[in-house]
Amino acid sequence: MADLAHRYQEGGHNALLRPHDSELTDLHVQDHDRRSAGHVLGRHCAPVDSRSRERRMLVIERPRRTQQRTDARPDDDGAVLVTVVVVMFVGFIIAATIAASVVFTIGANVDNKDRTQAFIAAESGRDVAVDSLASAITSTGLNCGAVTMSANSTAGAAPTYTYSIRSSEAADRPDAWDAAGVTATCPIPTTKWVVIRSTGTGTDDAQTTIDSVYPWYHGPATQPAGTLAFFEGEFTATKSTYQGDLVIRDDGDYTCNNADGVSIQGDLWVLKGGLSITKDCVITGSVYTRGLIDTKNHKLTVGGDLVSLDGSILLTANDIKIGGDVYAKGTISTKNGSGSVNGSFKTAATVTDHKPADWKRLDGTAVPVLENQTVPTVTPTLDQVFAATAWIELTNTVPWSTDSTVYTGLCSAAELQTVLTVPGTRAFIDMTSCTAGASPNEITVAPGNFALARDAILYVPATKGMNLDLTGTITKAAGDPQLFVVHADANGSDSKPTCTTGSDKFTATSTIGVRTMVYSACGITNSMALTMTGQLYMGNLGIHLNGGTFTCTPMEWKPQIGKLSCGVKGSGGIFDPTNTVTRLDNRAYQTER
């Protein structure tokens, strides 16, 4: 201690700060011990001199400055607290979001369940209405007294339904139960559409209303055949024999130039135009046109009547042969013409430039001239034939699988023949996934050489073009099987052929030995010689036959394609009064809300 005091005296105040911390600590401990000992003994120690007190003060100063330096270091406790609070807040938000999503999903599922129940109930009401109509159809038509035009479901717990039936005689399909022309009347023979509104109610009072539109048909049991019924574009038969009635529905005149030993072996109906003879023309049946009939100095042979219901007739060629009457609403001109008419010249107007000596009946007698007669009529009317020969809509929504086995992925001739040559139930071969055409959007249908053992359809969707190759030898394995080639229509609700892929291609030889129907909403671009028995059902561009003999033959694929006849009038024709049917066809349209 003496040494420490001496250094203090020599070095002053700062000298005491230079000793090591351990020395200072020892001094502090010794001083503390002395004070503690005095208290323990219960006695007062001798007063400490001033220098000792001063040393104690100096010794105490150093730890305080050390503590100050320790307290000055950065403190992270606050930042950690903020981080914890932020994490907790984010976690709370996530948890709240998940909870809200779960609550929303549960609520949505409950709502969806109720709406689904309402929709199913509405469809149930629609089906009950359809059944009420179908069950009231008899062999003579619809028994309206047996039809429940509106009804509710049986009283009880939800879901429930109500329905109401209406009908329309308009040619165009209505799009709603309350559309113009739709009335609350039971279907009659002239009805074209039936509309059913059905409303379903779920357990929580959710409601769904559907309007369903069905075609209604009352008429001949046979449908018009393709060859008989419809060519939206041009049908031309150059040097070709066509066996069966031919109905031309599109606008414009029909041009006949078959002659050279070939003919149309049946009646010719030109529903919107007239008949123009550009080369010698032979028609074994009668001719019915709306417009002008003009021979244009070419020979015309008609086995029955020659009738223009709204126009005139120009017989200005030699060697004309008419097996029945020549009848026109307008004038009949025979200027420079001659031939035989095994009936009469009849007109609601006059006969002009006529030389009686140039016209004889088959027995050599004069042909009567009857002017100012009533306007000509025909039964059925041209309008009735037009309505009866409406386009048959064959689309991907048609229930093709009914009573059929469906095959897919068969594209090559070898693959197709694995089905076509094997006896069994009728086969629907969907070629939608096939290609091998001139482009990815074209399907080549080429079954090759085979013996057909069952009724079969080769189906090409409306979204792809068709290249049909029937150049192989096609024969019957047994019986009388049918082969259908269907290039589907793109719109099943417009009552006309709709094509989105352009015209189709078709090549064939004279070795098609089975009844074959070719259905194409697009029509065929190329001219072709065709010897075939069956049906041609062409839209848009139609078809041009140049050589060969095409024989129309009845075909059917029920319920999708009813029996296709090959005549308009008479037994087995589409207007055979002894064979009528009433039916509610497949649903054509439906709205839901």
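Here the structure is shown first, and the text comes after it.
Going along each chain's sequence as written, the residues are numbered from 1 onward. Given that this is a predicted model, residues contribute local features only at a pLDDT of at least 70 and side-chain atom pairs are listed and counted only at 80 or more, while totals for whole chains, interfaces and linings are drawn from all residues. Side-chain metrics rest on all non-hydrogen atoms present in the structure, leaving aside hydrogens and water.

1. Some thoughts on the overall build of the protein chain
Here is step 1: From N to C terminus, the protein chain includes seven helices and 46 strands.
Here is step 2: Here the accessible surface of atoms and residues is derived via Shrake-Rupley with a 1.4 Å probe, and residues count as covered only by protein chains that are part of the display. A total accessible area of about 28600 Å² is found for the protein chain, and carbon and sulfur atoms account for 53% of it. Under the DSSP-based scheme used, a helix requires at least four consecutive residues in state H or I and a strand at least two consecutive residues in state E, with every element numbered from the N terminus.

2. Thoughts on the nonpolar core
Here is step 1: For this analysis, a nonpolar core means a set of buried residues of the types Ala, Val, Leu, Ile, Met, Phe, Trp, Tyr and Cys, connected via side-chain atoms within 4.5 Å. A simple rule labels every residue: compare its accessible area, found with a 1.4 Å probe on the protein chains alone, to the largest value its type can have, and call it buried under 20%, exposed over 50%, or partly exposed in between. Core analysis: the largest hydrophobic core is formed by 32 residues, its most contacted members being L420, I429, M431, V445, L458, L468 and F506.
Here is step 2: Apart from residues no more than four positions distant in its own chain, L458 is found in contact with L416, L420, I429, M431, V445, P447, L483, F484, V485 and V486.
Here is step 3: Core analysis: the next-biggest nonpolar cluster, separate from the first, contains 29 residues, L268, I293, I322 and V367 among them. By definition in these notes, contact holds between two residues if any of their heavy atoms fall within 4.5 Å.

3. Re the pairing of strand β5 (residues 193-201)
Here is step 1: Most of β5 is tucked away: nine of the nine residues are buried.
Here is step 2: A two-sided burial pattern is seen for β5, the buried positions comprising W193, V195, R197, T199 and T201 on one face and V194, I196, S198 and G200 on the other.
Here is step 3: In this analysis, strands are considered paired if DSSP registers two or more bridges between them. Here strand β4 (residues 160-168) runs beside β5; their pairing, made up of nine bridges, is antiparallel. By the bridge assignment for β5, S168 is matched with W193.

4. Observations regarding the sheet that holds strand β34 (residues 465-470)
Here is step 1: Spatially, β31-β34-β37 is the arrangement adopted by the three strands of the open sheet, whose pairing is parallel. Strands at the two margins of the open sheet, each flanked by one partner only, are β31 (442-445) and β37 (505-508). Within the sheet, the average angular offset between the axes of one strand and its neighbour, ignoring direction, is 10°.
Here is step 2: Sheet topology note: the β31/β34 ladder contains four bridges and is parallel. Note on β34: the bridge partner recorded for I443 is M466. Only C-alpha atoms enter the line fits that serve as axes; for helices the fit covers just the stretch in contact. Angles between N-to-C directions range over 0 to 180 degrees.

5. Digging into the sheet that holds strand β20 (residues 313-314)
Here is step 1: Spatially, β11-β14-β17-β20-β23-β26 is the arrangement adopted by the six strands of the open sheet, whose pairing is parallel. Each of the sheet's edge strands pairs with one partner strand only, and the pair in question is β11 (254-256) and β26 (351-352).
Here is step 2: In terms of strand pairing, strand β14 (residues 275-277) meets strand β17 (residues 293-294) through two bridges, oriented parallel. From the neighbouring strand, S276 faces β17, where its bridge partner is D294.

6. Topic: the pattern of salt bridges
Oppositely charged side chains can pair when the atoms bearing their charge come close.
Here is step 1: By definition, a salt bridge exists where a carboxyl oxygen of Asp or Glu is found within 4 Å of a side-chain nitrogen of Lys or Arg. Scanning the entire structure with this criterion turns up 15 salt bridges.
Here is step 2: A salt bridge links R593 to D211, with the shortest nitrogen-to-oxygen separation between them at 3.8 Å. One end of the pair, R593, is in the segment after β46 (589-592); the other, D211, is in strand β6 (residues 207-220), with 382 residues separating them in the sequence.
Here is step 3: The exposed category is assigned to R593, whose relative accessible area is 53%.
Here is step 4: The shortest N-O distance in the salt bridge between E442 and K505 comes to 3.4 Å. Of this pair, E442 sits in strand β31 while K505 sits in strand β37, and the two are 63 residues apart along the sequence.
Here is step 5: According to the relative accessible area criterion, E442 is buried, its value standing at 11%.
Here is step 6: Assessed through its relative accessible area of 36%, K505 is described here as partly exposed.
Here is step 7: Connected via shared salt-bridge partners are D178, R197, D211 and R593.

7. Some thoughts on the packing of aromatic side chains
Here is step 1: Whether two aromatic rings pair depends on their centres lying within 6.5 Å, for rings of Phe, Tyr and Trp, where Trp uses its six-membered ring; planes under 30 degrees apart make the pair stacked, over 60 edge-to-face, and the rest tilted. Applying the stated criterion across every chain yields a total of nine aromatic pairs.
Here is step 2: Taking the centre distance of 5.0 Å and the plane angle of 35° together, the rings of W391 and Y519 count as tilted. Separated by 128 residues along the polypeptide, W391 in the loop between α6 (382-388) and β29 (405-408) and Y519 in strand β38 (residues 515-520) bring together distant segments of the chain. Of the two residues, W391 and Y519, both sit in the buried class.
Here is step 3: In this structure W391 comes out as buried when scored by relative accessible area, which is 5%.
Here is step 4: Every member of this aromatic cluster is reached through a ring pair, and the members are W391, Y519 and Y537.

8. Here we look at the state of the cysteines
Each disulfide is one covalent bond, formed between the sulfur atoms of two cysteines.
Here is step 1: We call a pair of cysteine sulfur atoms a disulfide whenever their separation is within 2.5 Å. Taken as a whole and judged by the stated rule, the model has four disulfides.
Here is step 2: Each sulfur of the disulfide joining C499 and C522 lies 2.0 Å from the other. Handedness of the C499-C522 disulfide follows from its S-S torsion of about 95°: it is right-handed. Here the residue C499 occupies a position in the loop between β36 (482-487) and β37, and C522 occupies one in the loop between β38 and β39 (527-528), the gap between them amounting to 23 residues.
Here is step 3: The exposure class of C499 is partly exposed, given its relative accessible area of 27%.

9. Let's talk about unusual backbone geometry
Phi is mostly negative for residues that are not glycine, and the peptide bonds are mostly trans.
Here is step 1: A cis geometry characterises the amide bond from T379 onward to P380, with omega recorded as 5°.
Here is step 2: Checked against the element boundaries, P380 lands in the loop between β28 (369-370) and α6.
Here is step 3: Residue P559 follows K558 across a cis peptide bond; omega there is 0°.
Here is step 4: Mapped onto the fold, P559 is located in the loop between β43 (555-557) and β44 (561-565).
Here is step 5: For D319, which is not glycine, the phi torsion reads 60° and is therefore positive.
Here is step 6: Along the chain, D319 turns up in the loop between β20 and β21 (320-322).
Here is step 7: Under the relative-accessibility criterion, D319 is labelled partly exposed at 36%.

10. Overview of the environment of A171
Here is step 1: Note that A171 resides in the loop between β4 and β5.
Here is step 2: A171 gets classed as exposed once you look at its relative accessible area, which sits at 67%.
Here is step 3: Between the alpha carbons of A171 and S495 there is a distance of 9.4 Å; along the sequence they are 324 residues apart.

11. Digging into the side chain of T209
Here is step 1: Structurally, the position occupied by T209 is in strand β6.
Here is step 2: Side-chain polar atoms of T209 contact the side chain of T199, separated by 2.9 Å.
Here is step 3: When neighbours within four sequence positions are excluded, T209 is seen to be in contact with R197, S198, T199, T591, E592 and R593. The term polar contact refers here to a pair of N or O atoms within 3.5 Å; inside protein, the definition further demands a hydrogen-donor-capable atom paired with an acceptor-capable atom, and it admits residues adjacent in sequence only when both atoms are side-chain atoms.

12. Quick notes on the pairing of β4
Here is step 1: Here strand β3 (residues 150-152) runs beside β4; their pairing, made up of three bridges, is antiparallel. By the bridge assignment, A151 is partnered in β4 with Y163.

13. Section: the environment of Q265
Here is step 1: As for its position among the elements, Q265 is in strand β12 (residues 264-265).
Here is step 2: Residue Q265 is classed as partly exposed on the basis of its relative accessible area of 34%.
Here is step 3: Residues Q265 and L246, spaced 19 residues apart in sequence, show a C-alpha to C-alpha distance of 8.9 Å.

14. Side note on a nonpolar patch on the surface
Here is step 1: Note that patches include only residues with greater than 30% relative accessible area and no salt bridge, and the join distances are 9 Å for like charges and 5 Å for nonpolar side chains (Val, Leu, Ile, Met, Phe, Trp, Tyr). Where nonpolar side chains cluster on the molecular surface, the patch consists of V82, V86, F89, V90, F92, I93, I94, I98 and V102 and spans about 840 Å² of accessible area.
Here is step 2: With respect to the helices and strands, I98 occurs in helix α4 (residues 77-135).

Without other data, these values stay purely geometric and don't point to any function.
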